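Examination of the molecular architecture
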Amino acid sequence: MQSNLFVRRIEPTDISSCERVLHALPHWFGIQKANEAYISSLATLPAYVATVDSEVVGFIAVKHNNRDTSEIHVLAVEPNMHRRGVGRALIDAVEANLRVMGVSLLQVKTLGPSDHDEGYRRTREFYEAMGFLALEETTVFWGPENPCLIMVKPLMHVDSPIFTEPNSFSPKRCNSRRTSPPL
Ligand SMILES: CC(C)(COP(=O)(O)OP(=O)(O)OC[C@H]1O[C@@H](n2cnc3c(N)ncnc32)[C@H](O)[C@@H]1OP(=O)(O)O)[C@@H](O)C(=O)NCCC(=O)NCCS
């Protein structure tokens, strides 16, 4: 893990850095309209950035679907920072807050294994390593060309918050990369 890795709530000044991260990942984020929607969502959804030496290297945004379930809306880590614990640190921060809120399930939708794309195979491996379980592959959401795999992770509830709501800035040192159970 990067020793200088931190996760904190997103701030308006982080948005251009998040755009830069998306543009560096054209295999996953190659559709301009979709990217614009992801970036606008950062103004309204709970979102966090990961920084190394104060530079944004990744971000995540979460939707609260209902009282029990939240969903990863977007997650991206700068390519030259992959496999250094940044994605795990972002998931850890989100989960910590959801547990305090009493949310029981964290969901993510990604491209399913019926599509043999190598990049998304790695994405699924990441989510599996984070403890997510494959629930169902379906063509209902994105059509037959883009089979959607729904993955879920049950969350255990805890009492004390890591980040306070709403939008207060509370940096957290991320040192739990290898201590979380596999997803
Ligand atoms: C998926 C993504 C967010 C993972 O971020 P990351 O910072 O590289 O992941 P981490 O370093 O925290 O990886 C944690 C664990 O996940 C697993 N993992 C991560 N990347 C993996 C890969 N390419 N292949 C296999 N396992 C992988 C490993 O078990 C890893 O632990 P280890 O490095 O100790 O073996 C990042 O690769 C990314 O931005 N990908 C492109 C965009 C994307 O797929 N977004 C999600 C769309 S639904």
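What counts and what doesn't
Residues numbered from 1 in each chain as written. Predicted model: local features only at pLDDT ≥ 70, side-chain atom pairs only at ≥ 80, totals over all residues. Helix = DSSP H or I, 4+ residues; strand = E, 2+ residues; numbered from the N terminus. Axes fitted to C-alpha atoms, helices over the stretch in contact; angles between N-to-C directions. Left-handed = near helix turned anticlockwise from the far one by under 90°. Contact = placed C-beta atoms within 7 Å. Nonpolar A, V, L, I, M, F, W, Y, C, P; charged D, E, K, R; others polar. Core = buried A, V, L, I, M, F, W, Y, C linked by C-beta atoms within 7 Å. Buried ≥ 20, exposed ≤ 12 C-beta atoms within 10 Å, placed from the backbone. Near = placed C-beta within 6 Å. Pairing = 2+ DSSP bridges.

A word on unusual backbone geometry
- Located in the positive-phi region is D53, a residue other than glycine, with phi close to 50°.
- On the secondary structure map, D53 appears in the loop between β2 (47-52) and β3 (55-64).
- With a phi close to 70°, S54 is a non-glycine residue in the positive phi region.
- Structurally, S54 can be placed in the loop between β2 and β3.

Here we look at the packing of helix α1 (residues 15-23) against helix α2 (residues 32-41)
- Interaxial distance between α1 and α2 falls to 10 Å at its minimum, and their mutual angle equals 145°. Of the two elements, α1 crosses α2, and the hand of that crossing is right-handed. Touching I15, C18, E19 and L22 of α1 are N35, Y38 and I39, all from α2.
- Grouping the amino acids of the contact of α1 with α2 by side-chain chemistry returns 5 nonpolar, 1 polar and 1 charged.

What about the nonpolar core?
- Judged by nonpolar contacts, the single largest core of 41 residues is most densely connected at Y48, A50, F59, I60, L90 and V94.
- Those elements that provide at least two residues to this core are β1 (5-9), α1, β2, β3, β4 (69-77), α3 (86-101), β5 (105-111) and β7 (148-154).
- Broken down by element, this core gets its largest block of residues, 7 residues, from α3.

Notes on the site of the ligand
- Around the ligand, the surrounding shell holds 19 residues, and the nearest of these are H82, G87, R88, R122 and A129.
- Secondary-structure elements contributing two or more residues to the shell around the ligand are β4, α3, β5 and α4 (118-129).
- Ranked by residue count, the leading element in the shell around the ligand is α4, at 5 residues.
- Grouping the amino acids of the shell around the ligand by side-chain chemistry returns 9 nonpolar, 5 polar and 5 charged.

Things to note about the pairing of β7
- Of the pairings in the sheet, the one linking β5 to β7 comprises 7 bridges and is antiparallel in character. Bridge pairing in β7 links L111 to C148.
- Direction of pairing for strand β6 (residues 133-138) relative to β7: antiparallel, over a ladder of 5 bridges. Within the sheet, the bridge partner assigned to A134 lies in β7 and is M151.

Just geometry here; none of it tells us what the structure is for.
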